[in-house]
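Coordinate analysis (summary)
Here is what each chain is made of, one letter per residue.
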Amino acid sequence: MDYSAPKKRKPNVNKVSKPKAPTKGKSKPTKELTKANLDKLNEHTEHHSRKHMAMMRKLMKEGASFSAAHKRAQAKVGK
């Protein structure tokens, strides 16, 4: 057995570096809601609280679908 110091590896120069994750302090660009989404939200407003609706609008602007936003808002703030 050879107990000498381990050999150093050469750096892989062909490796492509991964893009860095966004930092916490920066905000994501938001998209505008479509007329169809706004109409659906207006119908939905009759059955849910302002907090629920505000969270849904925020999530949808960040890119969530209507149903995904509704599920997350239900879990977080309730009806």
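See the structure above.
Now for a quick tour of the structure. (Residues numbered from 1 in each chain as written. Predicted model: local features only at pLDDT ≥ 70, side-chain atom pairs only at ≥ 80, totals over all residues. Heavy atoms only, no water.)

1. Structural notes on the packing of helix α1 (residues 35–45) against helix α2 (residues 50–61)
At a closest axis distance of 11 Å, the pairing of α1 and α2 adopts a crossing angle of 165 degrees. If you check the angle between α1 and α2, you find them roughly antiparallel. By crossing handedness, the relation of α1 to α2 is classed as right-handed. Two secondary-structure elements touch here, α1 through N37, L41, H44 and T45 and α2 through H52, M53, M56, R57 and M60. Residues of the contact of α1 with α2, tallied by class, amount to four nonpolar, four polar and one charged. (Axes fitted to C-alpha atoms, helices over the stretch in contact; angles between N-to-C directions. Helix = DSSP H or I, 4+ residues; strand = E, 2+ residues; numbered from the N terminus. Parallel < 35°, antiparallel > 145°, perpendicular 65-115°, else oblique. Left-handed = near helix turned anticlockwise from the far one by under 90°. Contact = heavy atoms within 4.5 Å. Nonpolar A, V, L, I, M, F, W, Y, C, P; charged D, E, K, R; others polar.)

2. A closer look at the side chain of H44
With respect to the helices, strands and loops of the structure, H44 is situated in helix α1. Setting aside chain neighbours within four positions, we find H44 in contact with H52, M53, M56, F66 and H70.

3. Digging into the nonpolar core
Side chains of nonpolar character tend, in soluble globular proteins, to be buried together. Core analysis: the biggest nonpolar cluster contains ten residues, these being L33, L41, M53, M55, M56, L59, M60, F66, A69 and A73. Looking at this core, the elements that each hand over two or more residues are α2 and α3 (66–77). Among the elements that make up this core, the one with the highest residue count is α2 (five residues). In this view, A73 contacts H52, M55, M56, L59 and G78; residues no more than four positions away in its chain are not counted. (Core = buried A, V, L, I, M, F, W, Y, C linked by side-chain atoms within 4.5 Å. Buried < 20%, exposed > 50% of the residue type's maximum accessible area, 1.4 Å probe, protein only.)

4. Structural notes on α2
Helix length check: α2, at twelve residues, gives a terminal C-alpha distance of 16 Å against a target of 16 Å (1.5 Å per residue), a fit within 8%. By the burial criterion, the buried members of α2 are H52, M53, M55, M56, L59 and M60. Along the axis of α2, the buried positions cluster into a sector of 165 degrees, meaning they face one direction only. The outward face of α2, more than 90 degrees from its buried face, is lined by the exposed residues R50 and K51. If you follow the buried residues of α2, they end up packed against α1 and α3. Remark: G63 follows α2 within two positions and exhibits a positive phi of approximately 115 degrees. (Expected span 1.5 Å × (residues − 1). Arc of directions from axis to C-beta.)

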